[in-house]
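Residue-level listing of the chains:
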Amino acid sequence: MTARLLALLTLVATLLGCEPDARNDAIIFLDRVQRIDLDDPLADRQRLVESLASLPLSAPEVTRARDACVEAHQTIIQAESLTAGARTEIERYEEESQIPITTRQRIEGDIRRSSDLIERSRSMFDTCHRLTRDLEVRYRRHRRGGSDPE
């Protein structure tokens, strides 16, 4: 029984000393984030972004990249949704002059909010791309000469 207890204690000590596996987190994150294409339909992107947001990660650097990318994508999706809603509302009328003033004001407000969100998303995407590129370089480097650089 002492040998089993010693083995169990050794296993527990080993597990407690383990740090999150950043490489695995990074590879999973990179695979998932690269599936999101800004040219894909809004509903498809929304589903992929939600999946990315719920990705359980333990490595802080990968979590930061995930959160930055999720925020950027959610912001642009929100902007596109506002624009699509405004377009749908406008198309209900044959002529612009037929649009009631309150509807026109709401549409103009949605378009302004959409423009603001698009502007904000630029710096968010810069951060997302920078953090993603850092993970790519660090964890997906091509092996040269058959050896792993890390």
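Structure first, text after, so check above.
Residues numbered from 1 in each chain as written. Predicted model: local features only at pLDDT ≥ 70, side-chain atom pairs only at ≥ 80, totals over all residues. Heavy atoms only, no water.

(A) The arrangement of the pattern of salt bridges in detail. Per the stated rule, a full pass over the model turns up ten salt bridges. Between aspartate 31 and arginine 140 there is a salt bridge whose closest N-O contact spans 2.1 Å. Of this pair, aspartate 31 sits in helix H2 (residues 22-33) while arginine 140 sits in the segment after helix H5 (101-139); the two residues are 109 residues apart in sequence, bridging distant segments of the chain. Judged by relative accessible area, which is 25%, arginine 140 ranks as partly exposed. In this structure, a network of salt bridges that share partners links the residues Asp31, Glu136 and Arg140. (Salt bridge = Lys/Arg side-chain N within 4 Å of Asp/Glu carboxyl O. Helix = DSSP H or I, 4+ residues; strand = E, 2+ residues; numbered from the N terminus. Buried < 20%, exposed > 50% of the residue type's maximum accessible area, 1.4 Å probe, protein only.)

(B) Structural context of the packing of helix H3 (residues 42-53) against helix H4 (residues 60-91). For the pair H3 and H4, the least separation of the axes is 10 Å and the interaxial angle reads 155°. As judged from the angle between their axes, H3 and H4 are roughly antiparallel. For the pair H3 and H4, the crossing hand works out as left-handed. Seen from H3, the contacting residues are Leu42, Arg45, Gln46, Val49, Leu52 and Ala53; seen from H4, they are Arg66, Cys69, Val70, His73, Gln74, Ile76, Ile77, Glu80 and Ser81. Looking at side-chain class alone, the contact of H3 with H4 contains eight nonpolar, four polar and three charged residues. (Axes fitted to C-alpha atoms, helices over the stretch in contact; angles between N-to-C directions. Parallel < 35°, antiparallel > 145°, perpendicular 65-115°, else oblique. Left-handed = near helix turned anticlockwise from the far one by under 90°. Contact = heavy atoms within 4.5 Å. Nonpolar A, V, L, I, M, F, W, Y, C, P; charged D, E, K, R; others polar.)

(C) A look at the nonpolar core. By size, the foremost hydrophobic cluster in this structure holds 26 residues, and its most contacted members are Phe29, Leu52, Val62, Cys69 and Leu135. Among the elements of the structure, H2, H3, H4 and H5 are those that each provide at least two residues to this core. When residues of this core are assigned to their parent elements, the largest contribution, eight residues, is made by H4. Not counting the four nearest positions on each side in its chain, phenylalanine 29 is found in contact with Leu52, Leu55, Val62, Ala65, Arg66, Cys69, Thr132 and Leu135. (Core = buried A, V, L, I, M, F, W, Y, C linked by side-chain atoms within 4.5 Å.)

(D) Broad picture of the packing of H2 against H5. Running from N to C, H2 and H5 point in directions that differ by 125°, and their axes come no closer than 10 Å. Taken together, the axes of H2 and H5 lie oblique to each other. Seen from above, H2 lies across H5 with left-handed handedness. Contact with H2, carried on its side by Ala22, Arg23, Ala26, Ile27, Phe29, Leu30 and Val33, involves Thr132, Leu135, Glu136 and Tyr139 of H5 and no other residues of that element. Residues belonging to the contact of H2 with H5 are distributed by class as follows: eight nonpolar, one polar and two charged.

(E) Expanded view of H5. Relative to the 57 Å expected for 39 residues at 1.5 Å per residue, H5 spans 55 Å between its end C-alpha atoms, a close match to the ideal helical length. Its axis deflected by about 25° at arginine 122, H5 carries its strongest bend there. (Expected span 1.5 Å × (residues − 1). Bend = angle between axes of the 7 residues up to and from the residue.)

(F) Molecular detail of the environment of serine 51. Mapped onto the secondary structure, serine 51 falls in helix H3. Put simply, serine 51 and valine 33 are 18 residues apart on the chain and 9.5 Å apart in space, counted from C-alpha to C-alpha.

(G) Region of the structure containing the side chain of arginine 45. Along the polypeptide, arginine 45 turns up in helix H3. For arginine 45, a relative accessible area of 2% puts it in the buried group. Not counting residues up to four positions away in its chain, the partners in contact with arginine 45 are Ile36, Asp37, Leu38, Asp40, Ile76, Ile77 and Glu80.

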